Amino acid sequence: MTYEEYLDEVTTLLTEMYKINDEAAIKYVMRAQAADYFSPHDDHEEMRTQERAIQDAKIVYETRNKSRPEIFRK
């Protein structure tokens, strides 16, 4: 999947897995993206898998209210 499709998938998974609204899920993904969490995904197509999207959705949700984005696990 493309990088954009991958971000959409992570956003969709957030809404499905954690029962949050689209607006909140988009905000969480955008915040992670701004913190460069998804930069490696853009460079390496092999990182953009369904299994990885599930893992990334969990990480993004768990770190959604952290004030230090550098603690995101890559």
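Above: the structure in question.
Residues numbered from 1 in each chain as written. Predicted model: local features only at pLDDT ≥ 70, side-chain atom pairs only at ≥ 80, totals over all residues. Heavy atoms only, no water.

Novice: Can you walk me through the packing of aromatic side chains in this structure?
Specialist: Two aromatic rings, taken as a pair, are described by how far apart their centres are and by the angle between their planes. Following the criterion strictly, the structure yields 4 aromatic pairs and no others. On the numbers, 3.8 Å between centres and 5° between planes, the contact of Tyr-18 with Tyr-61 is stacked. Of this pair, Tyr-18 sits in helix α1 (residues 3-18) while Tyr-61 sits in helix α4 (residues 50-62), and the two are 43 residues apart along the sequence. Classification of Tyr-18 as partly exposed rests on a relative accessible area of 24%. Aromatic pair Tyr-37 and Phe-38: ring centres 5.0 Å apart, planes at 80°, arrangement edge-to-face. For Tyr-37, a relative accessible area of 1% translates into the label buried. Looking at Phe-38, the relative accessible area reads 0%, which means it is buried. (Phe/Tyr/Trp six-rings, centres within 6.5 Å; stacked < 30°, edge-to-face > 60°. Helix = DSSP H or I, 4+ residues; strand = E, 2+ residues; numbered from the N terminus. Buried < 20%, exposed > 50% of the residue type's maximum accessible area, 1.4 Å probe, protein only.)

Novice: Any chance you could explain unusual backbone geometry here in plain terms?
Specialist: Glycine aside, the phi torsion of most residues is negative, and most peptide linkages are trans. The phi dihedral of Lys-19 falls on the positive side, at around 55°, and the residue is not glycine. Structurally, Lys-19 is set in the loop between α1 and α2 (22-34). The backbone of Asp-36 sits at a positive phi, close to 65°, despite the residue not being glycine. Locating Asp-36 in the fold gives a position in the loop between α2 and α3 (39-43).

Novice: Help me out: how do you make sense of the nonpolar core in this one?
Specialist: Nonpolar side chains tend toward joint burial in soluble globular proteins. Membership of the largest hydrophobic core comes to 19 residues, with the highest contact counts inside it found for Val-10, Leu-14, Ile-20, Tyr-28, Val-29, Phe-38 and Val-60. Broken down by secondary-structure element, the contributors of at least two residues to this core are α1, α2 and α4. Examining the composition of this core, we find that 6 residues originate from one element, α1, more than from any other. Beyond its immediate chain neighbours, meaning those up to four positions away, Val-29 contacts Leu-7, Val-10, Thr-11, Leu-14, Phe-38 and Val-60. (Core = buried A, V, L, I, M, F, W, Y, C linked by side-chain atoms within 4.5 Å. Contact = heavy atoms within 4.5 Å.)

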